[in-house]
Amino acid sequence: MDESEIALVKKNINDALEADYHDRMQELDSRFTELKLGTPVQEDYALMRDAISKLQEQIRDSNDLEYTEDDYEEVTKEFYEELLDEVGSRDRRGKVVI
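Because the structure is predicted, anything quoted here is derived from the model rather than measured. (Residues numbered from 1 in each chain as written. Predicted model: local features only at pLDDT ≥ 70, side-chain atom pairs only at ≥ 80, totals over all residues. Heavy atoms only, no water.)

1. Digging into the confidence of the model for the protein
Inference 1: Overall, the prediction assigns the protein a mean pLDDT of 82, with 90% of residues at 70 or greater.
Inference 2: The secondary structure element of the protein with the lowest average pLDDT is helix α1 (residues 3-18), at 79, and the one with the highest is helix α2 (residues 21-34), at 91. (pLDDT = per-residue confidence, 0-100. Helix = DSSP H or I, 4+ residues; strand = E, 2+ residues; numbered from the N terminus.)

As structure tokens, this is what we get:
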């Protein structure tokens, strides 16, 4: 894959992450209901937006388009540390959002 193809793939992934925020909110509502966590509050939606933005940033900065399960676990751990510590909560709700 050449650089222009990689750039296009990254753009398409980031566009998909940005697409239809309303649907993402509904999915989060459903997940919270399923886990009996009540209804997401504004801070939960803001955390979701932050996580999406952070993921988009990492995709833009990455040279590798293939991720293993280990990569997924590492990114998730990093998001927990950075995003949940930022808002001062490492609760279950925050982890579900991420």
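2. Regarding α1
Inference 1: Compared with the 22 Å implied by 1.5 Å per residue over 16 residues, the 22 Å span of α1 between its first and last C-alpha is a close match.
Inference 2: Among the residues of α1, those classed as buried are K10, N14 and L17. Buried residues of α1, seen end-on, are gathered within an arc of 55° and therefore sit on one face of the element.
Inference 3: Those residues of α1 that are buried lie in contact with α2 and α3 (42-61). (Expected span 1.5 Å × (residues − 1). Buried < 20%, exposed > 50% of the residue type's maximum accessible area, 1.4 Å probe, protein only. Arc of directions from axis to C-beta. Contact = heavy atoms within 4.5 Å.)

3. What to know about unusual backbone geometry
Inference 1: Of note in the backbone geometry, K36 takes a positive phi value of approximately 55° without being a glycine.
Inference 2: Among the structural elements, K36 can be located in the loop between α2 and α3.
Inference 3: Judged by relative accessible area, K36 falls into the exposed class, the value being 75%.

4. A few points about the packing of aromatic side chains
Inference 1: The tally for this structure, following the rule as stated, stands at 0 aromatic pairs.
Inference 2: R49 extends its terminal NZ or CZ atom over the ring of Y21, reaching a point 3.9 Å from the ring centre.
Inference 3: Above the ring of Y80, the side-chain terminus of K95 is found at 5.4 Å from the ring centroid. (Phe/Tyr/Trp six-rings, centres within 6.5 Å; stacked < 30°, edge-to-face > 60°. Lys NZ or Arg CZ within 6 Å of the ring centre and 35° of its normal.)

5. Side note on α3
Inference 1: Over its 20 residues, α3 extends 29 Å from the first C-alpha to the last, a length consistent with the 28 Å expected when each residue adds 1.5 Å.
Inference 2: Looking at α3, one finds that the buried residues are D44, Y45, L47, M48, A51, I52, K54, Q56, Q58 and I59.

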